[in-house]
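Observations on the three-dimensional arrangement
Now for the letters of each chain:
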Amino acid sequence: MVSKPFDSARLFAAVAAARMARLASRTLGRGGGSTVPGVVARRVDPGVLTELSRRLPLGSAAITGTNGKTTTTRMISRILQTAGVRAVNNSTGANLVTGVTAALVLDSDLFGEPASEMGLFEVDEASVPKVAAEADLQILAVLNLFRDQLDRYGELAYTGKVISSAFEDLPENGSVVLNADDPLVASLGRSAGKPVYYGVDEPALDTGRLQHIADSKDCPLCGTALHYDAVYMGHVGVYDCPGCPFGRPVLAYRASRVRLDGARGVDFVLQAPGGETEVRLNLPGLYNVYNALAAAAVAAEAGVGLEHISRALREFGGAFGRVERVKAGDREAFLLLIKNPVGFNEILRTFVASDDARHVLIAINDNHADGRDVSWLWDVDFEMLADARLEGRTKGASPFTVTGTRAEDMAVRLKYADLPVGAVIPDLEEALKTALEATPPGETLYVLPTYTAMLEIRKTLSELGYTHPFWED
Amino acid sequence: MKLTIHHLYADMMNLYGDRGNVISIKKRCEWRGIPVEVVDVGLGEPIKPTGCDLFLFGGGQDREQTLLVEDLAGKKGADLRAIVEDGGVVLGVCGGYQLMGHYYETPEGEKLPGVGVFDLHTEPRKPDEERLIGNVLVRVRGPEDDRWREIVGFENHGGRTYLGAGVEPLGEAVVGFGNNGKDGTEGARRLNAYGTYLHGSLLPKNPWLTDQLMLNALRRVDDAFELEPLDDAAERVAFESVANRVRHG
C-alpha cells in the first residue's frame, strides 16, 4: 500500500480535534459521541486511521455479517482480556469507518500513540472494503449473510462480492475466518489467500427442512439447488452441490456434541487445530454456538490459547439487549431482541426445547430501525410453536400478550397459527406492567421486542427501578 | 369439493412474507371445513389445475426474476394465459404482478418478457428516482357488487408500472404510490386475475378480499356456493390501526 509521508503535526491536530469533539458532544448531552470524533479527525487528517492502526503491535481484526456481530465482537473482547491482550473496540452501532476511526483516535494519546495492542472492530457489511483499505487488518471474519434489510444492500450475492473485494487488502498470512455452514459465506473463501473455516457437526440439530425464509439454497457458483445433509437454521447447514464440485469446506474450528439447555445456555465440544475443549455458554440457542465458534476462531488465529478461550466463553454474560435478564421485584424479565425471522425462529425453537417460557410478551414496532414493513412476521414459523403446544411440550403456558405499534398485526399472525392471544395492548409501558402483573411471583416473563420496542421496555423497566440504565454497561 | 392453492415459484419468490397470503387462504378454508391443499409449483414443473383453483404468484429479487422469465416463456405462460381467459383466479403480487404484464425492464436496460395477462408494462426506476416504499391505502371497487371498499398493505418497488387501454386498475391509491406514483392507480384486474404492489400480508388484514378470491374459485365448481361468515374482529382491528395511521400521516 502506498501512503503519503507521515505528517505528525497533522495527526496531532486530528487527535486533538477529535478529543474536543467528544468533550463537546458529552457536554451537550448528545449521546455517547461514538462517531463524531471520527468524523472530525478524518476531516483534519484523512490518513488518520491508516497511521494509527499501523501503530498497533498486533494489528486488527474485523467482524462482519448480518447477524451476531455485536455478540461475537464482545466475546472476542472478553477472550482477549482473559489472555491479557489490550484491545480497542468501536462501540455498538458505530460500525462504519467513522466509528472505527473514532475508537482508535480516542485510544491514542495526543502524539498518536495507542494505549492498546490490538484493534477489534465490528464492521457493517458495506463498510468492509473501506475499513480493510485503511485499517491494518490481520483477520477478517464473515459470520453469515441473511436477507435482513434488503432496501439497504440489495441482493445477498452483491453483498458477498463487496466483502470479498476487501480480501486483497489483508497481508499474505492474514486469516479470513468464514462460516463454512453458510454456502454463500463459504464460497467467498475462493478469493481469500488464507481461508479458515468454522462450522457445526451435530446431527441432532437437523431441522429436516429448509425454512421458508431460506435465502441462498442454490449453489453460489453454478446455481444448482444445493443438497443438504442437515439444515440447522435458515440456509445454514451441511450441504454439497450436485451440479459442481462446490461443497461445505473442511472445518478448522468445529463444534460437536451440542446440547441446547433451554433458555439457560448451551454446551458443546470445541475442536481447533490446537486441541479440543469443552465449552459451557450462558447464552441460549444454536446461533450463539456460531457466535462463540467465530469468536474462538478469531482469537485462536490471533494467537490466543484454547484454555483462555474456553474460560472466557464460560464467563461471558452477553451483550446489552440481545439477551438480558432483569430482576423485576419477585419476578424476572428475560429480554430477547428480535431482529429478523431467522432470529425469531431460533428464539421460538429455544423456547420449544424448554418449557420455561410460560409467560410471553411480544413487542413489535415498525419504526425505521425496526424495519417499517412487518410482513416478515409471516415468514416466522409460529406454526412450529403451535405444534409444540398441541403435543403438550409447553405445559402451563398462558396466552401471549402483544404490544407495540404493530400489536394488532402480531395478534392476527398468532391467530392464523392457531395460537392463543391474551391482551392486545399497543402501549408498551402499559403492556409491560400488565404482563408483569400477570406473571406469578417467582416466575419469568419472556419479552420478545424489536429494536426500538426494546429501548422503550428498557426505559420502562429502569423507571420502575428494575434495572440500571444501559449506558452504565 | 377441495380448493387447491397453487403457489407459483414458492421457493424463489418468497420475498416480503408472501407466505402470509397462502396461510390466510388456507386457514379461512380450514376454519369453515372446506378441504384445502397447497401445491408448490417450481421451475420446470407444470401447472396442474383441478377445477377449483387459486393461483398465487409472489415477489422476488431481480436475479430470481430473470430465471423465471425463461420458465414462463414456454407452456407454463401459455397455460396461465388460458386460465385467466377462462375466468380462473390468479393473484400476482409485486414481482409476480410485474411478470403478468407485457414486459418488465430491469435497471440494466434488459427487457424481460412477461406472461401478458395484463395490458401493462413496467419501467425501471430512473437514477434520480427513489424506490416507492411505505404503507398504502387503496380504494377498490368490486365488480361483483359495485361497492367501494378499502385495502391496506405495504409497497416496496423500484419499477414503475403503466397500464394500457385493455386493463382496469385494481383501485386508486388514497395514500401511497401505487403503480407508478404518478397516475394514482394501483394494481390491475382482468376477469378474476388480480395484480397488486401491496405485498406480504395483503390478505391477512383484508379478509374480505381473501374471501372474494376463495368464493370466485369455489363458484367455478358450484355457482350457488356461499361462505360461512367468520369472526374477523382481530383482522378488522389490525386493518383500522394501519388505515388510521396512514390517513393521519
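Residues numbered from 1 in each chain as written. Chains lettered and ligands numbered in written order. Predicted model: local features only at pLDDT ≥ 70, side-chain atom pairs only at ≥ 80, totals over all residues. Heavy atoms only, no water.

1. Examining the confidence of the model for chain B
For residues with low pLDDT, the predicted coordinates do not support detailed interpretation. As a reminder of what qualifies: On a range of 0 to 100, pLDDT expresses the predictor's confidence in each residue. Working definition: helices are DSSP H or I runs of at least four residues, strands are E runs of at least two. Numbering for both runs from the N terminus.
When pLDDT is averaged along chain B, the result is 91; 94% of the residues meet or exceed 70. Taken element by element, the predicted model of chain B shows its lowest mean pLDDT in helix H2 (residues 62–85) of chain B (86) and its highest in strand S12 (residues 185–186) of chain B (98).

2. Here's the deal with the confidence of the model for chain A
All names here are of chain A. Test applied: Any pair of residues with heavy atoms lying within 4.5 Å of one another is described as a contacting pair.
When pLDDT is averaged along chain A, the result is 86, and 89% of the positions lie at 70 or above. Averaged pLDDT values for the elements of chain A fall to 44 in helix H7 (residues 150–153) and rise to 98 in strand S5 (residues 175–179). Here residues 149–153 is modelled with pLDDT under 50, and outside its nearest four sequence neighbours on either side it reaches 11 contacts, counting other chains as well. The model gives residues 468–473 a pLDDT under 50, and that stretch makes 4 contacts with residues more than four places away or in other chains.

3. Quick notes on the pairing of S5(A)
Residues and elements named next belong to chain A. For the record, the criterion: Each residue's exposure class comes from its accessible area (1.4 Å probe, protein chains only) as a fraction of the maximum for that residue type: buried when under 20%, exposed when over 50%, partly exposed otherwise. A strand pair is defined by DSSP finding two or more bridges across the two strands.
Most of S5 is tucked away, with 5 of its 5 residues classed as buried. Side chains Ser-175, Val-177 and Asn-179 project from S5 onto one buried face, and the interleaved Val-176 and Leu-178 project onto a second face that is buried too. Bridge analysis of strand S4 (residues 137–142) against S5 gives 4 bridges, and the strand direction is parallel. If you follow Ala-141 over to S5, its bridge partner there is Val-177. In terms of strand pairing, S5 meets strand S6 (residues 195–201) through 4 bridges, oriented parallel. Within the sheet, the bridge partner assigned to Val-177 lies in S6 and is Val-196.

4. Quick look at the packing of aromatic side chains
Here is the rule: A pair of Phe, Tyr and Trp rings is counted when the ring centres sit within 6.5 Å of each other, with Trp represented by its six-membered ring. The angle between the planes then sorts it: under 30 degrees is stacked, over 60 is edge-to-face, the rest tilted. In this scheme, Lys NZ or Arg CZ marks a charge over a ring once it lies within 6 Å of the ring centre and within 35 degrees of the ring normal.
In this structure the tally under the stated criterion is 11 aromatic pairs over all chains. Summarising the aromatic geometry, the rings of Tyr9(B) and Phe57(B) are spaced 5.7 Å apart at their centres and angled 50 degrees between planes, so their arrangement reads as tilted. Here the residue Tyr9(B) occupies a position in the loop between strand S1 (3–8) and helix H1 (19–30), and Phe57(B) occupies one in strand S3 (residues 53–57), the gap between them amounting to 48 residues. Side by side, Tyr9(B) and Phe57(B) carry an identical accessibility label, which is buried. An aromatic cluster of at least three residues, connected via ring pairs, comprises Tyr228(A), Tyr239(A) and Phe246(A). Positioned above the aromatic ring of Trp148(B), the side-chain terminus of Arg139(B) is 4.2 Å from the ring centre. A cation over an aromatic ring shows up here: Arg149(B) above the ring of Trp208(B), its NZ or CZ 4.8 Å from the ring centre.

5. Description of the sheet that holds S4(A)
Residue and element names in this part refer to chain A. Worth spelling out the cut-off: Between N-to-C directions, angles cover 0 to 180 degrees, with each direction set by a line fitted to C-alpha atoms, over the stretch in contact for helices.
Pairing is mixed in the open sheet, where 9 strands are placed in the order S2-S3-S1-S4-S5-S6-S9-S10-S11. Looking at strand neighbours, the two that pair on one side only are strand S2 (87–89) and strand S11 (275–281), the edges of this open sheet. When the angles between neighbouring strand axes are averaged without regard to direction, this sheet yields 20 degrees. Alignment of strand S1 (residues 60–64) against strand S3 (residues 118–122), held across 4 bridges, turns out to be parallel. Each residue of the ladder has a partner; that of Ala-61, found in S3, is Leu-120.

6. Quick look at the nonpolar core
One broad rule of soluble globular proteins: the nonpolar side chains tend to lie buried together. Short version of the rule: By nonpolar core is meant a set of buried Ala, Val, Leu, Ile, Met, Phe, Trp, Tyr and Cys residues that side-chain atoms within 4.5 Å join together.
Core analysis: the biggest nonpolar cluster contains 57 residues, and Leu3(B), Ile25(B), Leu54(B), Phe57(B), Leu91(B), Phe118(B) and Ile151(B) have the highest contact counts within it. When sequence neighbours within four positions are dropped, the list of residues in contact with Leu54(B) reads Leu3(B), Thr4(B), Ile5(B), His6(B), Ile25(B), Val89(B), Leu213(B) and Met214(B). In terms of nonpolar packing, the next biggest core, distinct from the first, is built from 51 residues, Val196(A), Val266(A), Tyr290(A) and Ala299(A) among them.

7. Concerning the sheet that holds strand S5 (residues 103–105) of chain B
Residues and elements named next belong to chain B. Reading across the sheet, the 4 strands line up as S6-S5-S7-S10 and stay open at both edges, with mixed pairing between neighbours. Both edges of this open sheet fall to strand S6 (111–113) and strand S10 (160–163), since each of them pairs with a single strand only. For this sheet the average axis-to-axis angle between neighbouring strands, irrespective of direction, equals 20 degrees.

8. A word on a nonpolar patch on the surface
Residues and elements named next belong to chain A. Using the following cut-off: In this scheme, patches are assembled from residues that exceed 30% relative accessible area and form no salt bridge. Like charges are connected within 9 Å, while nonpolar side chains (Val, Leu, Ile, Met, Phe, Trp, Tyr) are connected within 5 Å. Only the protein chains shown count as cover for residues, with accessible areas throughout obtained via the Shrake-Rupley method and a probe of 1.4 Å. Throughout this description, the term salt bridge denotes a Lys or Arg side-chain nitrogen within 4 Å of a carboxyl oxygen of Asp or Glu.
On the surface, a nonpolar cluster with roughly 310 Å² of combined accessible area is contributed by Phe-12, Leu-110 and Phe-111. Mapped onto the elements, Leu-110 comes out in the loop between helix H5 (97–107) and S3. Since its relative accessible area comes to 36%, Leu-110 is described here as partly exposed.

9. A short note on the side chain of Ser53(A)
All names here are of chain A. Within the secondary structure, Ser-53 is located in helix H3 (residues 48–54). Assessed through its relative accessible area of 0%, Ser-53 is described here as buried. If near-sequence neighbours (up to four positions away) are discounted, Ser-53 is found in contact with Leu-104, Glu-134, Ala-135 and Asp-136.

10. Focus on empty space enclosed by the protein
Put simply, the rule reads: Only protein atoms enter the 1 Å grid, on which a cavity is a set of points fitting a 1.4 Å probe that cannot get out and a pocket is an open set with protein on both sides within 12 Å along at least 5 of 7 lines, lining residues being those with an atom within 4 Å of a point. Grid points are joined across faces, edges and corners, and a volume is the space filled by probe spheres set on the points. Amino acids are sorted into nonpolar (Ala, Val, Leu, Ile, Met, Phe, Trp, Tyr, Cys and Pro), charged (Asp, Glu, Lys and Arg) and polar (every other residue, Gly among them).
Taken as a whole and assessed by the stated rule, the structure comprises 4 cavities of 30 Å³ or more. In this structure, the second largest cavity occupies an estimated 70 Å³ of space. What lines the second largest cavity is simply Arg372(A), Asp373(A), Val374(A), Ser375(A), Arg406(A), Asp409(A), Asn135(B), Gly153(B), Phe154(B), Ser201(B), Lys205(B) and Val242(B). Among the residues making up the lining of the second largest cavity, the classes are represented as 3 nonpolar, 4 polar and 5 charged.

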